[in-house]
Structure formats: C-alpha cells, structure tokens
Amino acid sequence: MEYYLLIPFLPLAAFIINITLGKDILRNKADWVSVLAVCGSAVVAIYTLYDVAVLKNTYDKDLYTWIVSGNFKVSVGFLIDQLTSVMLIVVTVCGSLITIYSVGYMHGDPGYYRFFAYLSLFTFCMLMLVMGNNFLQLYFGWEGVGLCSYFLIGYWYEKKSASDAGKKAFIVNRFGDFGFGLGVIMVFLYFGTLHYSVVFGNVQTIAHQTVNIYGYVISLPTLIALLLFCGAIGKSAQLPLHVWLPDAMEGPTPVSALIHAATMVTAGVFLVARCNPIFNLSETALIVVALTGGITALFAATIGLVQNDIKRIIAYSTVSQLGYMFLACGVGAYAAGIFHLYTHAFFKALLFLCAGSVMHAMGGELNLQKMGGLKKYMPWTYRTMLIGSLSIAGIPGLAAFFSKDEILWLAYAGESPVGKFVFVLGAIGAFLTAFYSFRLIFLTFHGKFRGTHEQEHHLHESPKVMIIPLMLLAVGAIGAGWVGIPPLLGGGAHISHFLEPVLGHPHVHATHAEEWLIMGISVLIAVSGIICASYIYLVRLDIPVRFARNFRPVYNILFNKYYVDELYSFLFIRPTLWVADHILVRITDAKFIEGVVNGVPKSIGDFSQSFRRIQTGIAQHYGIVMAAGAIFIIAFVLLFM
Amino acid sequence: MVPLYWYIVLSAALFSVGVFGFLARRNVIIMFMSIELMLNAVNMSLITFSHYLQDMRGQILAFFVIAVAAAEAAIGLAIIIALFRNKSTAHVDEIHEMQG
C-alpha cells in the first residue's frame, strides 16, 4: 500500500483548493485547508518513520512512466528509506508548526489565501524533492521549491526591495542549478539511467574513468560530484553564491523560517548526502565540500557579528550552520550532517519565528538598535528565543550541542586530509555563533527600550496561535538532539545507526580522551562566547562603539559583508546591464528586431500604396479593363486556337 | 428568308453599341440603358440559335435573362435614385466614393 503518497499530495490538494477557491470563496478561511493538509502529512510522515525505523520496511517503487524517449526513461517514483523518513519529519513537522504560526502572523493580509496556497505548493515540491527515487524528480522538486521561494520572497511585490530580492534569489540560484543540471546529464550519459538504485549500485564502474575537457584530464566522479555540488552551493547559499539568502529575508517571516532556514536551503545538504556514493569516490570533491562548508561557516558567522537587522543576523547564522552541515558531509560524516540538518530545522525555525513575533510587536521594525528591554513585554517570546539561542550556541544537553559536537568531533577524528583545518574553522565559528546569538538576545530583550514612544506603547505579546508553535519548536530545540547522544555520554547515537544503511559510517581513529577533550573544547567555546557577549552588551556597553571607532576598516568590511555584493555588482551586474543597454537594447533590439518587425509591414505598406492607385472608384474604368480583357481573350482564342 | 448570319451581325452590333455606351457615356441612366441593350443583344443571339438548332433551351434561357434583367432594372433604378438623392448628380465622374 502506497500510503506515503498522501504525504506530498495532501499539500498539493490544499494548493489546488486554495488557488482556485481561495480568492472568492475561502478568503480568510484559506488557512484551514493548508493547516489540515500539512498536519495530515505530518501524521503520515510520523507513521512512515515508524514503518521504516521499527517495522524495517523501505520502499522504492515507480508509479508512473513520465518520459520515454529512445533509451531515456524516467518514472515518477518514490524512495522511502531512512534518509527520506528523517527529511519527511523535518519538512512536515516544522512545516505544520510554521503554517499554524502563519495563521496568526499573516492575519489580515490582503493576499492571505495566496500565501497559504504558495506555502502548500512549496511543501508539495519539497516533499517531491526528498521522496523522489530518481535525479529528474529531484530536479523537479528542486526547481519547484526555487520557484515557490521566488513567489514567497516577493510576496509583498508592491515593495521594490522585496520583488528585487525575489529576482536575486532566482537568478543566483540559476548559476548553481546550471551546474546541477549538467551533473544530472552527466549521470545519465555514463549510467544510462537516472534511478538512484541503479546509479548508486553501479557507481564503481565510473570510479577510475576520466574525461578530457579541452586538454584537462579530470576524474569522472570528481566532475559529476562537483557539478552536483554546484547546485547544492546555490540552493544552500554557500560561498560564493550565499548573497541571495540574506536578501531573501524580505519575505514574510514564516517563509524565512520554513524555506530559508528549515527546509529548502537544506536541500543542498540532502543532495550531497543522497549522492554520497558518488562523492565517496572522489577525495577532491569531498575536500572541496569540506572547505566550502568550513570557510562559509566562519565567513558568515563573522558577518553576523556586526549586523543590526534582526532577520539578517539569523540569515547569516543559517548560512553559517549550513556550512557546518557541508563540513560534515565533506569529512565523510554524512549522518552527522543530516543530524545537524534535523536539529537545525527546529532551533532555526524557532529563532526566526521568535524574530517574527518581535517584529509583530514592534510594528515591522527590524533594527536591533531600536529595540531593547522587550523581556518584560513578551515573556514567552523571550523564553523560547533564549532556548533557541542556547541551543544554537551549543550548551550541553540541548539539540545543537549534540549535532555540532558530532560534526566537530568527526572532522577532527575522521580520515579527511583537511579535517583538522576545518575543525579549527568550525571551532572559531562556534565561538562567533554563541557570541552573535547572544548579542541578538541582549540587544533585543535586555537593557532599556530604544525605539519611539509610539512603538513602546504598542508592545504586546503575540497571540496564542503564534506562541504555541514557538513552545513546541522550543521543545524540539531542546530535545531533538537526544536521538543522537554519543555513546561517550551514555547515549546510543541512534540517528547515525539509523542512517547508516544509506549514509555509511565514517572511520574514526582517536581515543576517548580526545573525544572528551573535543567535547570540553566545544562547551568551553560556547560558554565563553556567551560570557563575552554578556560582558560586552550588558556590562560594558561602550566596547562595541569603541571597537567600531578604533577598528574602523575591520568594522566596515564586516558591516558591508566583505563587499561581496559590491564585487558582484562590479564584476557581473554592471557589465551585464551595460551589455543589455548598449548592445541588446540599442543594437539588437533597435536595429535588428525592430528593423525586421517594422520593416516588413512598412515595405508591404509602400507597395500597396503605389498599387492602390488603380482602384479609382469610377465604374467605367473597371468596365474598360473588363472589355479590354474580354477582347484580349477572344482575340487569343480566335488567333491561336 | 433572313439568313442566320444577319441575326448574329445584328446581335453583335447591338452588343457593341451597348459596350460603347457603357464605356463612353457619363450619365448613369444612359449607362444603365446600355447594359439593358447588351442583355437584349445576348437574348437575340440566344433565340436565334434556339431556332436554328431547334432546341427550346435557348428560349428558356432568354426568359431567364429577361426575368433577371427585370429584377436588375428594379434594383438598379432604386440605386440610381438613392445615389441621385445623395449626390444631386447623375454624372459618374463625380461619383468616386469607392476610390482606394
């Protein structure tokens, strides 16, 4: 019985109902359809997890032949295994909590039904992405979530910055997806099929093949892995394609939480984990993945230190955490990466929704410098956000502690040649993570209120429909990691054993003493990050100002995000616009296209202008022509026939 | 007995007079009459050949032509009257609304 089909198709049904009936009939009741659908999916997803984990069933079944052309055959099929079931839990459980939260957050918005329709469509595409059993279905879901991301970032399309951010996200993702598409084509060329089971089963056949590209001999697994990784870089906002994610915060906050923190951006990590047999064949590709992840983790964390926009800080934090997941995949610890993906979904969705709750109270204000002292106005938002921040900082016992510690430990102890290096990057990043997370907490909730009187008067705790999802996510941010407690602390590391059939297990060469040491270091890092933040932002409030004054260049670089946007603007955007303006508009369009489009009608017009003279409107002229014609024909017949 | 030849020459002459009148005269009424002349020239040759070939179909066709000519006269005269009311002239050179 394919009961699991309900998981993607319930949200699809909700989308169809909302988009057709929402505008005129459902209007402000559109939320119910989506909430019920995604909650239904969550229930089925939990049963699926039970089925896979306890009843030990996995499914890999083609349901419908999608495309047949020569030897190219693609089916719509579903693969339910350990990795998929974990992803299903992440998508549907976070998705349903965030959808419920949106009921309160989006209340009274004129496009209410549209928001829920897109949210359901997104959920459907994301589920197709994780449940597909072949690369083309993965690609379908991949582009579908990108499209929904574009719709929802530009949801408030009247606002220019929002529609620009949507376009930016879409265009930046095209760069990555181009590589991804090529990767899929390469897979088909060398395996003759796109089915995971066949591709991964025969993966050894390409292990020692090479391809020659303009004289450069490249190992085939490296090429395929790196092309696929291109897609992951774009979707998961890693260096150098990270620029779209902070701008994507223009969308409504539940969208940031669902798409740009919990699910869509982690699709890249899922892709790398799903394709681990290919990545495992190429040490070069794994090094690239690990270095990209490690450098991004540190890079984004440094930017997060000085930003003032509450959502952008969390966005950079997301980029940084995604870096950790890639770091884990790069050192071969795929299960640790997926584990972090899973815990991250809870605590990051929580942080975003708390930020949304703060914005709700502040009337849309995003600037940290205008907040402060909100603790007494919004106690539940404060408590849940504190839990989220403690979790992301890596305080022992909370979710992110276990997953991040696992990543750092496996980076340190694994076999990867760059393991020690990325461990250092990750450790510094962890310190900065703790620091900026608590900077955010202290500037928002502690101290004195720095906004206007009007805003202060308006401050209030959010409604229950928003607070309850926050509490549930807070429970997740505390307890989600308990499935992966390492044996060292008396746990069973259930999640990595659970995922082992799909993702394998990294080889570790280290002693227990070292493991204790690494764990000690990571706790020390977390605590010292929090202490530094509290000293600077609670006790010595003059330090940030003095730092900004004395280290002006450093501060400017960080504040302007390393000028990456400016660099891209100089390297790509302005040349593109110049070509568009000077060549496409003025030459191709004005000369060629308009030349043809206007020239053909004009020559026809000129011709008919000269030809119309024979239509005099005087009947006798026509009579003469007729008579002459008749005479001509008669003469012809008489003379020649 | 009048030979066939004479009838045909008379018919051709009548037709030519009609054509000439239609092309050369500028008065709409005269042009209209020229058209009737051409129709009757054709009728004459139809009846001539009918008699010569001893086939009644020619005379039947002539009756058809007369009937059509009557209808045409009714419509044509109505058009000419309407035209005259609008343009206050029967001179065709002054009527060129159909010019392209």
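What counts and how
Residues numbered from 1 in each chain as written. Chains lettered and ligands numbered in written order. Predicted model: local features only at pLDDT ≥ 70, side-chain atom pairs only at ≥ 80, totals over all residues. Heavy atoms only, no water. Helix = DSSP H or I, 4+ residues; strand = E, 2+ residues; numbered from the N terminus. Rg over C-alpha atoms; globule rule 2.2 N^0.38 Å. Buried < 20%, exposed > 50% of the residue type's maximum accessible area, 1.4 Å probe, protein only. Contact = heavy atoms within 4.5 Å. Disulfide = S-S within 2.5 Å. Buried area = accessible area lost by both parts, 1.4 Å probe. Salt bridge = Lys/Arg side-chain N within 4 Å of Asp/Glu carboxyl O. Polar contact = N/O pair within 3.5 Å; in protein donor to acceptor, adjacent residues only side chain to side chain. Phe/Tyr/Trp six-rings, centres within 6.5 Å; stacked < 30°, edge-to-face > 60°. Lys NZ or Arg CZ within 6 Å of the ring centre and 35° of its normal.

Participant: With reference to specific residues and values, describe the overall build of chain B.
Facilitator: Along chain B, the regular secondary structure elements total three helices and zero strands. Listed by position from the N terminus, the elements making up chain B come as α-α-α. Computed over the C-alpha atoms, the radius of gyration of chain B is 17 Å, more than 25% above the 13 Å expected from 2.2 N^0.38 for a compact globule of 100 residues. Projected onto its principal axes, the C-alpha coordinates of chain B cover approximately 50 × 25 × 25 Å. Out of the 100 residues belonging to chain B, those deemed buried represent 25%. Residue pairs in contact within chain B that sit at least 24 positions apart in sequence constitute 55% of those at least 6 positions apart.

Participant: For the state of the cysteines, give the residues involved together with the corresponding values.
Facilitator: Residue and element names in this part refer to chain A. Counted according to the given criterion, the structure contains zero disulfides over all chains. With no disulfide partner, Cys329 has as its closest neighbouring cysteine sulfur the one in Cys275, 11 Å distant. Looking at the unpaired Cys354, the closest cysteine sulfur is the one in Cys94, lying at 13 Å.

Participant: Got a sec to walk through the interface of chain A and chain B? Specific residues and values, please.
Facilitator: In many reports, interface size means the accessible area that the parts give up when they come together. At the junction of the two partners, chain A supplies nine residues and chain B supplies 13 residues. In total, about 890 Å² of surface goes out of reach between chain A and chain B, with carbon and sulfur atoms giving 57% of it. When the buried area of chain A at its contact with chain B is split by residue, Gln615, Ile618 and Gln620 of chain A rank highest and sum to 52% of it. Counting across the chain A and chain B interface gives zero salt bridges. Our enumeration of links across chain A and chain B arrives at three residue pairs in polar contact (both at pLDDT 80 or more).

Participant: With reference to specific residues and values, describe the environment of Val33 of chain A.
Facilitator: Residues and elements named next belong to chain A. Here Val33 lies in helix 2 (residues 30–53). C-alpha separation for the pair Val33 and Lys73, spaced 40 residues apart in sequence, amounts to 36 Å. Every residue in contact with Val33, bar those within four places of it in the chain, is listed here: Ala14, Ile17, Asn18 and Leu26.

Participant: Account for the pattern of salt bridges, with residues named and values stated.
Facilitator: Applying the stated rule across the entire model yields 15 salt bridges over all chains. A salt bridge links Asp247 of chain A to Arg312 of chain A, with the shortest nitrogen-to-oxygen separation between them at 3.3 Å. With Asp247 of chain A in helix 9 (residues 244–247) and Arg312 of chain A in helix 14 (residues 310–330), the pair connects residues that are 65 residues apart, well separated along the chain. The pair formed by Asp247 of chain A and Arg312 of chain A is uniform in burial state, with each residue classed as buried. The salt bridge partner of Arg57 of chain B is Asp55 of chain B, with a shortest N-O separation of 3.0 Å. Assessed through its relative accessible area of 63%, Arg57 of chain B is described here as exposed.

Participant: Would you mind going over the packing of aromatic side chains in detail, with residue names and values included?
Facilitator: Any aromatic ring pair is given by two values, namely how distant the centres are and how the planes are angled relative to each other. All names here are of chain A. Using the criterion set out here, one finds 38 aromatic pairs over all chains in the structure. Ring geometry for Phe9 and Phe124: centres 5.8 Å apart, planes at 50 degrees, overall tilted. Of this pair, Phe9 sits in helix 1 (residues 6–26) while Phe124 sits in helix 4 (residues 112–131), and the two are 115 residues apart along the sequence. Considering the side-chain rings of Phe124 and Phe140, the 6.5 Å spacing of their centres and the 75 degrees angle between planes classify their relative orientation as edge-to-face. Of this pair, Phe124 sits in helix 4 while Phe140 sits in helix 5 (residues 135–153), and the two are 16 residues apart along the sequence. Taking relative accessible area as the criterion, Phe140 reaches 35% and is therefore assigned partly exposed. Taken together, Tyr3, Tyr4, Tyr47, Tyr50, Tyr59 and Phe78 form an aromatic cluster joined through their ring pairs. Positioned above the aromatic ring of Phe170, the side-chain terminus of Arg174 is 4.5 Å from the ring centre. Just above the ring of Tyr412 sits the side chain of Lys420; from NZ or CZ to the centre is 4.8 Å.

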